[in-house]
Amino acid sequence: MMLSNMTASSACFTSEDSDTIELPTATDRIDIFTSNGCIYINTTKTIIVKIYSILGNLVIEKKISAGTSQIQLKSRGIYLVNTGERIQRVTL
């Protein structure tokens, strides 16, 4: 499959098979941080967040709207936060 029709304003690639792959724009931003035993996610768009234990078990999957969201887990430990665009390790 060849990629064509790339323009800076559209921020996506269109293939000959008319599949569209959206690329993150410079304004898309996801910040992940912890405070007082909670995970905070600040995002500029709606995303699906998956949080895994350090052993790889899915702990929670949640749709997050634009803005800052707080996720409180039952126990402290090391977790992997997957936003679809990146994976970040956090310690509670």
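Note that the coordinates shown come from a computational prediction; the quantities given were computed from them, not determined experimentally.

Draft legend 1. Structural context of unusual backbone geometry. Even without glycine at this site, Asn 36 takes up a positive phi of about 50°. For Asn 36, the position within the fold is in the loop between β4 (30–35) and β5 (38–43). Judged by relative accessible area, Asn 36 falls into the exposed class, the value being 73%.

Draft legend 2. Spotlight on the pairing of β5. Burial analysis of β5 places five of its six residues in the buried class, the great majority of the element. The hairpin formed by β4 and β5 contains two residues between the paired strands, and Asn 36 there has a positive phi angle of roughly 50°. Bridge count between β5 and strand β8 (residues 67–72): six bridges; the pairing is antiparallel. Within β8, the residue paired with Ile 41 across the bridge is Ser 69.

Draft legend 3. Region of the structure containing the side chain of Ser 53. Following the sequence through the fold, Ser 53 ends up in strand β6 (residues 47–53). Aside from chain neighbours lying at most four places away, what touches Ser 53 is Val 59, Ile 78 and Tyr 79.

Draft legend 4. Examining the sheet that holds strand β9 (residues 78–82) more closely. Strand order in the open sheet formed by four strands is β7-β6-β9-β10, and the pairing between neighbours is antiparallel. The strands lining the two open edges of the sheet, one partner per strand, are β7 (58–64) and β10 (87–91). Taken over all neighbouring pairs, the strand axes of this sheet differ in orientation by 20° on average, direction set aside. As paired elements, β9 and β10 share five bridges and run antiparallel to each other. Counted as the bridge partner of Val 81 is Gln 88 from β10.

Draft legend 5. Broad picture of the pattern of salt bridges. One pass over the structure, following the stated rule, counts two salt bridges. The partner of Arg 29 in a salt bridge is Asp 31, with the nearest N and O atoms 2.9 Å apart. The exposure class of Arg 29 is exposed, given its relative accessible area of 53%. What makes Asp 31 partly exposed here is its relative accessible area of 24%. Residue Lys 45 is joined to Glu 85 by a salt bridge in which the shortest nitrogen-to-oxygen separation is 2.5 Å. Placement of Lys 45 in the loop between β5 and β6 and of Glu 85 in the loop between β9 and β10 is noted, with a sequence separation of 40 residues between them. Classification of Glu 85 by relative accessible area gives partly exposed; the value is 44%.

Definitions and limits used
Residues numbered from 1 in each chain as written. Predicted model: local features only at pLDDT ≥ 70, side-chain atom pairs only at ≥ 80, totals over all residues. Heavy atoms only, no water. Helix = DSSP H or I, 4+ residues; strand = E, 2+ residues; numbered from the N terminus. Buried < 20%, exposed > 50% of the residue type's maximum accessible area, 1.4 Å probe, protein only. Pairing = 2+ DSSP bridges. Contact = heavy atoms within 4.5 Å. Axes fitted to C-alpha atoms, helices over the stretch in contact; angles between N-to-C directions. Salt bridge = Lys/Arg side-chain N within 4 Å of Asp/Glu carboxyl O.

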